[in-house]
Amino acid sequence: MATIDLNSDVGESYGNWTFGDDAAIFESVSSANVACGFHAGDPRGIRATLEAAASAGVVVGAHPAYRDLAGFGRRFIDVAPDELTDEVIYQIGALQGLARAAGTEVRYVKPHGGLYNAIVHHEAQAKAVAKAVAEVAPHLPLLVLPNSEIQRAAEAAGLRTVVEAFADRAYTPEGTLVSRREPGSVLHDLDEIVEHVLRLLDGKVRAIDGTHVAVTADSICVHGDTPGAVAMAARIRASITDAGFDIASFA
């Protein structure tokens, strides 16, 4: 049976601000991208998320970001590469400590938001992120978009890369994500999302201009902060298993 991973961004509550339903998401996904405190999350909430993931048998990964709580890590920050390397190392290390305390371990890395999008094209920052992972945890795979600067930098650094696609995001004809600043960048209709996911399983997506683009992915991201995320994740899981695929983490 063919296998695919489902991942989701979690651990993003902060203080009195509750964001997402991590425990419910864990019923559908196989991997959890846990916030490390720079774009969202605080130590107590992060630990609670890690404990819930461990209890549900969900693999956890570090979800480092720009230092941008106010912008939820979705803005580009022109941070110097050496500084970015140290900040990514810091975040991975912090999550590793909390994960050990929660009875689990960090098994992969997936950058968040603005950083994730920047290192698709920004060579210096891509190399900085790859350097961080290579220096602090070279055994950890890195989730990436295909044909990106971060994929090239990570592989040059000897890291394993895992290509992912997105269940609820629109694609450009070049195979990259449509910017969240653009209309139609996030998919909301469940039927449309399921159709999009089934195409992904077949190795392609329909771009925003209607053309079809080849995409081969080992992991599909379901955003935990999208309205109706829990129902969406459950529907996606059911559609994938109905298509004859097994859902299991790559890590």
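Residues numbered from 1 in each chain as written. Predicted model: local features only at pLDDT ≥ 70, side-chain atom pairs only at ≥ 80, totals over all residues. Heavy atoms only, no water.

(A) A look at the overall build of the protein chain. Looking only at helices and strands, the protein chain features eight helices and 10 strands. For 251 residues, the compact-globule estimate of 2.2 N^0.38 gives 18 Å, and the protein chain sits close to it at 17 Å. For the protein chain, the proportion of its 251 residues judged to be buried stands at 54%. Considering only residue pairs separated by 6 or more positions, the protein chain has 72% of its internal contacts joining residues 24 or more positions apart. (Helix = DSSP H or I, 4+ residues; strand = E, 2+ residues; numbered from the N terminus. Rg over C-alpha atoms; globule rule 2.2 N^0.38 Å. Buried < 20%, exposed > 50% of the residue type's maximum accessible area, 1.4 Å probe, protein only. Contact = heavy atoms within 4.5 Å.)

(B) Layout of helix H5 (residues 123-136). With 14 residues, H5 extends 20 Å from end C-alpha to end C-alpha; this agrees with the ideal 20 Å at 1.5 Å per step. Looking only at H5, the buried set comprises Gln125, Ala126, Ala128, Val129, Ala130, Ala132 and Val133. Packed against the buried residues of H5 are helix H3 (81-101), strand E4 (106-109), helix H4 (113-121), strand E5 (142-144) and helix H6 (149-156). (Expected span 1.5 Å × (residues − 1).)

(C) Geometry of the pattern of salt bridges. For the structure shown, the criterion picks out 11 salt bridges. Across the pair Arg75 and Asp68 runs a salt bridge whose closest N-O atoms are separated by 2.4 Å. Under the relative-accessibility criterion, Arg75 is labelled partly exposed at 46%. The residue Glu195 makes a salt bridge to Arg206 at a minimum N-O spacing of 3.9 Å. (Salt bridge = Lys/Arg side-chain N within 4 Å of Asp/Glu carboxyl O.)

(D) Quick peek at the pairing of E4. Alignment of strand E3 (residues 59-63) against E4, held across two bridges, turns out to be parallel. Bridge pairing in E4 links Val60 to Val106. Handedness of the E3-H3-E4 crossover: right-handed. (Pairing = 2+ DSSP bridges. Right-handed = clockwise from strand over helix to strand, strands pointing away.)

(E) Seen up close, the environment of Asp68. For Asp68, the location among the structural elements is in the loop between E3 and H3. Overall, Asp68 belongs to the buried group, its relative accessible area being 4%. When the C-alpha positions of Asp68 and Ile247 are compared, they lie 33 Å apart, and in sequence the two are 179 residues distant. Those residues in contact with Asp68 that lie beyond four places of it in its chain are Phe38, His39, Gly73, Arg74, Arg75 and Ile77. A distance of 2.4 Å separates the side chain of Asp68 from the side chain of Arg75, its partner in a polar contact. (Polar contact = N/O pair within 3.5 Å; in protein donor to acceptor, adjacent residues only side chain to side chain.)

(F) Seen up close, the side chain of Arg199. With respect to the helices, strands and loops of the structure, Arg199 is situated in helix H7 (residues 190-201). Its relative accessible area of 13% is what places Arg199 among the buried residues. In this view, Arg199 contacts Lys204, Arg206 and His212; residues no more than four positions away in its chain are not counted.

(G) Quick peek at the packing of H5 against H6. Contact geometry of H5 with H6 gives a least axis separation of 8 Å together with a crossing angle of 40°. Relative to H6, H5 is oriented oblique. As for how H5 packs across H6, the hand of that crossing is right-handed. Each of Glu123, Ala126, Lys127, Val129 and Ala130 in H5 lies in contact with H6, whose residues at this interface are Glu149, Ile150, Ala153 and Ala154. (Axes fitted to C-alpha atoms, helices over the stretch in contact; angles between N-to-C directions. Parallel < 35°, antiparallel > 145°, perpendicular 65-115°, else oblique. Left-handed = near helix turned anticlockwise from the far one by under 90°.)

(H) Representation of the packing of aromatic side chains. Inspection of the entire model under this criterion finds seven aromatic pairs. Measuring from centroid to centroid gives 6.4 Å for Trp17 and Phe72, while their planes differ by 75°, and the two rings are edge-to-face. Residue Trp17 is located in the loop between strand E1 (3-10) and helix H1 (22-25), and its partner Phe72 is located in the loop between E3 and H3; the two are separated by 55 residues in the primary sequence. Every member of this aromatic cluster is reached through a ring pair, and the members are Trp17, Phe19 and Phe72. For the cation-ring pair, Lys110 lies above Tyr116, with the distance from its terminal atom to the ring centre recorded as 5.6 Å. (Phe/Tyr/Trp six-rings, centres within 6.5 Å; stacked < 30°, edge-to-face > 60°. Lys NZ or Arg CZ within 6 Å of the ring centre and 35° of its normal.)

(I) Layout of the nonpolar core. With 73 residues, the main nonpolar core has Ile236 and Ile240 as its most contacted residues. For this core, the leading source of residues is H5, giving six residues. In contact with Ile240, other than residues within four places in its own chain, are Ile4, Leu6, Val197, Leu201, Phe245 and Ile247. In this structure, Tyr108, Leu143, Val162 and Phe250 belong to the second largest nonpolar core, which totals five residues. (Core = buried A, V, L, I, M, F, W, Y, C linked by side-chain atoms within 4.5 Å.)

(J) How the structure looks around a negative patch on the surface. A surface patch of like charges, here negative, comprises Asp82, Glu83, Asp86 and Glu135. Here the negative patch gets three residues from one element, more than from any other, and that element is H3. Along the chain, Asp82 turns up in helix H3. (Patch = residues over 30% accessible without salt bridge, like charges linked within 9 Å, V, L, I, M, F, W, Y side chains within 5 Å. Areas by Shrake-Rupley, 256 points an atom, 1.4 Å probe, with all protein chains shown as cover. Lys, Arg positive; Asp, Glu negative; His and termini not counted. Charge placed at Lys NZ, Arg CZ, Asp CG, Glu CD.)

Any link to function would need more than the numbers given here.
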